[in-house]
Amino acid sequence: MSITTRPLVRHERTLLDDAMLVAANHAPYFGLALWRLRPVAAEGLGTFAVDRGWRLYLDPATLTEWGAQLSGGVLVHEVSHLIRQHAIRGDALGANRNHEVWNYATDAAINADLVAANITLPEGAVTPDALGLPANGVEEDYYAALAPQQPHSQQPETGCGSGAGDASAEWELSDDDASAPAMPASQADLTRRQVAQQVSAARAGTVSGGLRRWAEATLAPAQINWRHRLRATVRQAVNHRRGMVDYTYARPGRRQHPKMLTPGMIEPVVTIAVVVDTSGSMAPAQISAAMSEVRSIIASTGARLTIAAVDARAYVQTVTSIDDLDLRGGGGTDMRVGIEAVRVTRPRPDVIVVLTDGFTPWPERPTRERLIVALIGKRVGEAPGWAHSVRVRV
């Protein structure tokens, strides 16, 4: 696909201004973000897209064909990718993520809100219902549900651009291109917060529930940051393990040679063990936060799961539902006991997640398994220097 970028000419700018007014009328709380986009004509693109520097690429022929009403709806869609930081969140899934599936997941999450707001979208727009997904879901959970159903593919021929989490395309401008310089990251972050303030102040019933939840989370950065970081850290560990394919003669390879049996490749099934601190130093609010994250891990990874409730002893359980978990404990704390208890389970875990306040002894040596420690509470101890740690404030 041949795409040529250039500045907009006068009549194209007029058409875009009309579409911007429609978009701002649909979503007035996005007004600031819309006017801070840096438009670039992309002949041959056949759609609209955004990059990480807040450049808006639009095909002039498509802009003319769609008209102001439909183009305005697509503008709200594209700026939503930037507002929701889909590029950064896509990076957290790992370099080997399926870009096409991530694009489906993010489009579904955005379009669910736009459809609820009666915003016009192109025919065939991706929605949770069309993909068989629950409404009002989170992008990462949509990706986890869709990824196993799709073969790994490279960057789709036309996605929504690197600003939506796609790989950077050849036709995207460099950050220092003088014709349309990229927006600095600090200004992008400020714009997101200003939009979040506008959404939060909007009259009840004029903003979708998903967008209002996003605004609340953005204006409470301590909460959204640790939750995203914990999920991203767990997913990186899972994706790393899943990427470690091996060869086996139990499954012959597709390409066969005369008089030679070739092995096929297999992808390992990832097992996660979660160690929950139930000692006397853990307050009910901390336990609740820990269990909220356990629920997210179960729902989003699709991995096998073993859980140990730990004080001075370990109570190992295999569960498929959070409601089946028995949180016994209440005495002193020794995470060495809990970690060792899950290390010897079968199948042996690939990733161990410890949810604790950190006031506990730790193993002296790094574990073979990747160890992720969520330090929960206003006053916490320390995690081992060799572990991946996340600070959780409740």
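Data block above holds the structure.
So, how was this worked out
Residues numbered from 1 in each chain as written. Predicted model: local features only at pLDDT ≥ 70, side-chain atom pairs only at ≥ 80, totals over all residues. Heavy atoms only, no water. Helix = DSSP H or I, 4+ residues; strand = E, 2+ residues; numbered from the N terminus. Buried < 20%, exposed > 50% of the residue type's maximum accessible area, 1.4 Å probe, protein only. Polar contact = N/O pair within 3.5 Å; in protein donor to acceptor, adjacent residues only side chain to side chain. Contact = heavy atoms within 4.5 Å. Arc of directions from axis to C-beta. Pairing = 2+ DSSP bridges. Core = buried A, V, L, I, M, F, W, Y, C linked by side-chain atoms within 4.5 Å. Salt bridge = Lys/Arg side-chain N within 4 Å of Asp/Glu carboxyl O. 1 Å grid on protein atoms, 1.4 Å probe; cavity = no way out; pocket = protein on both sides within 12 Å on 5 of 7 lines; lining within 4 Å. Points joined across faces, edges and corners; volume = space filled by probe spheres on them. Nonpolar A, V, L, I, M, F, W, Y, C, P; charged D, E, K, R; others polar. Phe/Tyr/Trp six-rings, centres within 6.5 Å; stacked < 30°, edge-to-face > 60°. Axes fitted to C-alpha atoms, helices over the stretch in contact; angles between N-to-C directions.

Our next topic: the side chain of threonine 356. Counting through the fold element by element, threonine 356 comes out in strand β10 (residues 351–356). Its relative accessible area of 0% is what places threonine 356 among the buried residues. For threonine 356, the side chain forms a polar contact with the main-chain nitrogen of glycine 358, separated by 3.1 Å. With near-sequence residues (within four places) excluded, threonine 356 lies in contact with Asp277, Met282, Trp362, Val373, Ala374, Leu375 and Ile376.

The subject of this paragraph is helix α6 (residues 139–146). Those residues of α6 that sit buried are Glu139, Glu140, Tyr142, Tyr143 and Leu146. Taken end-on, α6 shows its buried residues confined to a sector of 160°, consistent with a single buried face.

Turning next to the pairing of strand β7 (residues 271–277). In terms of burial, β7 is largely enclosed, as seven of its seven residues are buried. Burial of β7 is two-sided: the residues Thr271, Ala273, Val275 and Asp277 facing one way and the residues Ile272, Val274 and Val276 facing the other way are all buried. Judged from the five bridges that link them, β7 and β10 form a sheet pairing that is parallel. Across the sheet, residue alanine 273 finds its bridge partner in β10, namely isoleucine 352.

Time to look at the nonpolar core. One broad trend across soluble globular proteins is that nonpolar side chains are buried collectively. Ranked by internal contacts, the top residues of the largest apolar core, which has 39 residues, are Phe30, Leu34, Trp54, Leu56 and Leu75. Breaking this core down by element, the ones donating at least two residues are α1 (10–26), α2 (31–35), β3 (48–50), β4 (55–58), α3 (60–83), α5 (99–116), α7 (185–201) and α8 (209–218). No other element matches the seven residues that α3 contributes to this core. For leucine 56, the contacting residues outside a window of four places in its chain are Leu16, Met20, Leu37, Arg38, Pro39, Val40, Phe48, Ala49, Val50 and Leu75. By size, the runner-up hydrophobic cluster in this structure holds 19 residues, among which are Val274, Met282, Ile287 and Val351.

With that settled, the discussion passes to the pattern of salt bridges. Taken as a whole and assessed by the stated rule, the structure comprises 15 salt bridges. The salt bridge partner of arginine 55 is aspartate 51, with a shortest N-O separation of 2.9 Å. The same class applies to arginine 55 as to aspartate 51, namely buried. A salt bridge links glutamate 139 to arginine 84, with the nearest nitrogen and oxygen atoms 3.4 Å apart. Here glutamate 139 is found in helix α6, whereas its partner arginine 84 is found in the loop between α3 and α4 (86–91), with 55 residues between them in sequence. In this pair, the class of glutamate 139 matches that of arginine 84, namely buried. Within the structure, one salt-bridge network assembled from shared partners comprises Arg84, Arg89, Asp113, Glu139 and Glu140.

Now for empty space enclosed by the protein. Rolled over the atoms, a probe sized like a water molecule indicates the empty space that remains. Within this structure, the stated rule accounts for two cavities of 30 Å³ or more. Computed from the structure, the largest cavity encloses a volume of approximately 90 Å³. In terms of lining residues, the largest cavity is bounded by 15 residues, among which Tyr29, Asp113, Leu114, Ser208 and Leu211 are the most central. At the level of elements, α3 and α5 are the ones that each hand at least two residues to the lining of the largest cavity. The greatest single-element share of the lining of the largest cavity, amounting to three residues, is contributed by α5. Grouping the amino acids of the lining of the largest cavity by side-chain chemistry returns 10 nonpolar, three polar and two charged.

Glutamate 139 sits in the buried class, given a relative accessible area of 4%. Polar side-chain contacts of glutamate 139 include one of 3.0 Å to the side chain of arginine 89. Among residues more than four places away in sequence, those in contact with glutamate 139 are Arg84, His86, Arg89, Trp102, Ala105, Thr106 and Ala109.

Residues other than glycine predominantly adopt negative phi, and peptide bonds predominantly adopt the trans conformation. Cis rather than trans, the peptide bond between arginine 346 and proline 347 has omega equal to 0°. Summarising the element assignment, proline 347 is placed in the loop between α11 (335–343) and β10. Unusually for a residue other than glycine, tryptophan 54 sits at a positive phi of about 65°. Following the sequence through the fold, tryptophan 54 ends up in the loop between β3 and β4.

Turning to α11, a few remarks are in order. Since the α-helix packs 3.6 residues into each turn, any two residues three or four apart lie on the same face. Of the positions making up α11, those classed as buried are Met335, Gly338, Ile339, Ala341, Val342 and Arg343. Near the N-terminus of α11, the side chain that reaches the backbone nitrogen of arginine 336, with its oxygen 3.0 Å away, is that of aspartate 334.

Here we come to the packing of aromatic side chains. In this structure the tally under the stated criterion is four aromatic pairs. Ring geometry for tyrosine 57 versus tryptophan 171: centroids 5.2 Å apart, planes at 80°, classification edge-to-face. Linking tyrosine 57 in strand β4 with tryptophan 171 in the loop between α6 and α7, this pair joins segments that are 114 residues apart in sequence. Here tyrosine 57 falls in the buried class, since its relative accessible area comes to 0%. The exposure class assigned to tryptophan 171 is buried, which follows from its relative accessible area of 16%.

With that settled, consider the sheet that holds β4. With mixed pairing, four strands are arranged side by side in an open sheet as β1-β2-β4-β3. The open sheet has two edge strands, β1 (4–6) and β3, and neither has a second partner. Strand-to-strand twist across the sheet, computed as the mean angle between neighbouring axes with direction ignored, equals 30°. The sheet contact formed by β3 and β4 spans three bridges and is antiparallel. Counted as the bridge partner of valine 50 is leucine 56 from β4. Helix-sheet contacts for α3 involve β1, β2 (38–43), β3 and β4, and the interaxial angle to β3 is about 30°.

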